[in-house]
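One letter stands for each residue in the lines below.
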Amino acid sequence: MSQLEKTKPVPSLLPREFKLSGQIGEPGQTEKLSFGSLMHQIASGLKRGYKESEIVDALIRALSPHSSLRSYVETLCDLSLAKLRRILRVHYREKAASEVYQQLATVCQQSNESPQQFLLRALDLRNKVNFASQESDCEFNYGLSLIQQTFAKSFETGLRDDILASNLRATLRTPGLTDGELMKQVNELASQQAERNTKLATEHQKTTKVNFCEVPKGEEEEPRTKNPHGDGSQKSSLKSAR
């Protein structure tokens, strides 16, 4: 065996432990992990082959050391990932699947919201319904197909611009449509519609300005006010002078 082979480091046989990127704090703390980010990291860990027990340990380590929540979960026996997920859902005050589904079904674009921003908000609600439906204690699993159909219908009917909604109708009904393809289409059509609206508004301003500056013929001068006494007043003045 050569000296190089002798000094070559031996790879560790111990698997690398699962770690969360961030810390679990109180709801509303922007510098802490959101519930959506937490669920995404859990799903990613499961896909990479980590055991549920390893993910549970990582979740407990990510809790604030002196929080009541960490103290509570550390005293639970046989804490499963499903049970810890339910506890975290309550901790983050996340709504049940039925409530989030109702929000998705009635979502509308706000007056100060662009079509692109509205799309992202609707997509977020769609994903939240999907996450909530996968919980073991969920009363009704809506299924990906129903959730996607509801999202497509709500996004189309919730848009403030009817022309944009009409132009997107065929796209939203495309089988297998990806989020990336939809985002691209919404961005292109929304930009075109915004440019069209700007041109129409500019043309309207020009027309209004021209009409305002035009003066009708025959009305260049205001008629002078007549003497209310007429000629009779002048005659009286002459008689007095005599």
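To keep things clear, this report deals only with the structure shown in the data block. On a predicted model such as this, the values are computed, not experimentally measured, just so you know. (Residues numbered from 1 in each chain as written. Predicted model: local features only at pLDDT ≥ 70, side-chain atom pairs only at ≥ 80, totals over all residues. Heavy atoms only, no water.)

Tallying secondary structure elements over the protein gives 11 helices and 0 strands in all. Counting from the amino terminus, helix and strand elements in the protein follow one another as α-α-α-α-α-α-α-α-α-α-α. For the protein, the residues scored as buried account for 29% of the 242 residues in total. Considering only contacts in the protein between residues 6 or more positions apart, those separated by 24 or more positions represent 60%. Split by element, the accessible area of the protein, about 17,600 Å² in all, is 52% carbon and sulfur. (Helix = DSSP H or I, 4+ residues; strand = E, 2+ residues; numbered from the N terminus. Buried < 20%, exposed > 50% of the residue type's maximum accessible area, 1.4 Å probe, protein only. Contact = heavy atoms within 4.5 Å. Areas by Shrake-Rupley, 256 points an atom, 1.4 Å probe, with all protein chains shown as cover.)

Looking now at the packing of aromatic side chains. Each aromatic ring pair is characterised by the separation of its centres together with the angle its planes make. Under the counting rule described, the total for this entry stands at 5 aromatic pairs. Their ring planes at 20° and their centres at 5.2 Å tell us that Phe118 and Phe155 sit as a pair that is stacked. A residue pair is termed long-range when its members are at least 10 positions apart, and Phe118 in helix 7 (residues 115–133) and Phe155 in helix 8 (residues 144–158) qualify at 37 residues. As far as the burial class goes, Phe118 and Phe155 line up, both buried. The structure contains a cluster of three or more aromatic residues connected by ring pairs, namely Phe118, Phe151 and Phe155. (Phe/Tyr/Trp six-rings, centres within 6.5 Å; stacked < 30°, edge-to-face > 60°.)

Moving on, we come to the nonpolar core. Of all hydrophobic cores here, the largest spans 27 residues; its most connected members are Leu119, Val129, Phe151, Phe155, Leu159, Leu168 and Leu182. Every element with two or more residues in this core is listed here: helix 6 (97–105), helix 7, helix 8, helix 9 (162–172) and helix 10 (179–213). It is helix 7 that provides the largest number of residues to this core, a total of 7 residues. Beyond its immediate stretch of four places on either side in the chain, Leu168 contacts Phe155, Leu159, Gln185, Val186 and Leu189. Residues Leu20, Leu33, Tyr50 and Leu81 belong to the second largest nonpolar core, which totals 24 residues. (Core = buried A, V, L, I, M, F, W, Y, C linked by side-chain atoms within 4.5 Å.)

Each pair of packed helices gets described by two things: the angle between the helix axes and the distance between those axes. Packing of helix 2 (residues 35–47) against helix 3 (residues 52–62) leaves a shortest axis separation of 10 Å and a crossing angle of 150°. As summarised for this structure, helix 2 and helix 3 are arranged roughly antiparallel, according to the angle between their axes. Handedness of the crossing formed by helix 2 with helix 3: right-handed. The residues of helix 3 that touch helix 2, namely those facing Leu38, Ile42, Gly45 and Leu46, are Glu52, Ile55 and Leu59. A class-by-class count of the residues in the contact of helix 2 with helix 3 yields 5 nonpolar, 1 polar and 1 charged. (Axes fitted to C-alpha atoms, helices over the stretch in contact; angles between N-to-C directions. Parallel < 35°, antiparallel > 145°, perpendicular 65-115°, else oblique. Left-handed = near helix turned anticlockwise from the far one by under 90°. Nonpolar A, V, L, I, M, F, W, Y, C, P; charged D, E, K, R; others polar.)

A word on the pattern of salt bridges. Taken as a whole, this structure holds 8 salt bridges when the rule is applied. The partner of Glu17 in a salt bridge is Arg61, with the nearest N and O atoms 4.0 Å apart. Here Glu17, found in the loop between helix 1 (3–7) and helix 2, pairs with Arg61, found in helix 3; they are 44 residues apart in sequence, far enough to count as distant. Across the pair Asp179 and Arg126 runs a salt bridge whose closest N-O atoms are separated by 2.7 Å. Linking Asp179 in helix 10 with Arg126 in helix 7, this pair joins segments that are 53 residues apart in sequence. On the accessibility criterion, Asp179 (29% relative accessible area) is partly exposed. What makes Arg126 buried here is its relative accessible area of 9%. (Salt bridge = Lys/Arg side-chain N within 4 Å of Asp/Glu carboxyl O.)

Turning to helix 3, a few remarks are in order. What helix 3 keeps buried is the set Ile55, Val56, Ala58, Leu59, Ile60 and Ala62. Looking at the buried positions of helix 3, the neighbouring elements they touch are helix 2, helix 4 (68–74) and helix 5 (81–91).

The subject of this paragraph is the environment of Leu164. Relative to the elements of secondary structure, Leu164 occurs in helix 9. Through-space distance from the C-alpha of Leu164 to that of Ala190 is 6.7 Å; in sequence the pair is 26 residues apart. Excluding its chain neighbours within four sequence positions, the residues that come into contact with Leu164 are Pro115, Leu159, Leu189 and Ala190.

Here we take up the side chain of Thr150. Position of Thr150 among the secondary structure elements: in helix 8. Reaching out from Thr150, the side chain makes a polar contact with the backbone oxygen of Leu146 at a distance of 2.8 Å. With near-sequence residues (within four places) excluded, Thr150 lies in contact with Tyr101, Leu104 and Ala105. (Polar contact = N/O pair within 3.5 Å; in protein donor to acceptor, adjacent residues only side chain to side chain.)

Relative to the helices and strands, Gln41 is located in helix 2. The buried category is assigned to Gln41, whose relative accessible area is 13%. Apart from the residues lying within four places of it in its own chain, the contact partners of Gln41 are Phe18, Lys19, Leu20, Ser21 and Leu33.

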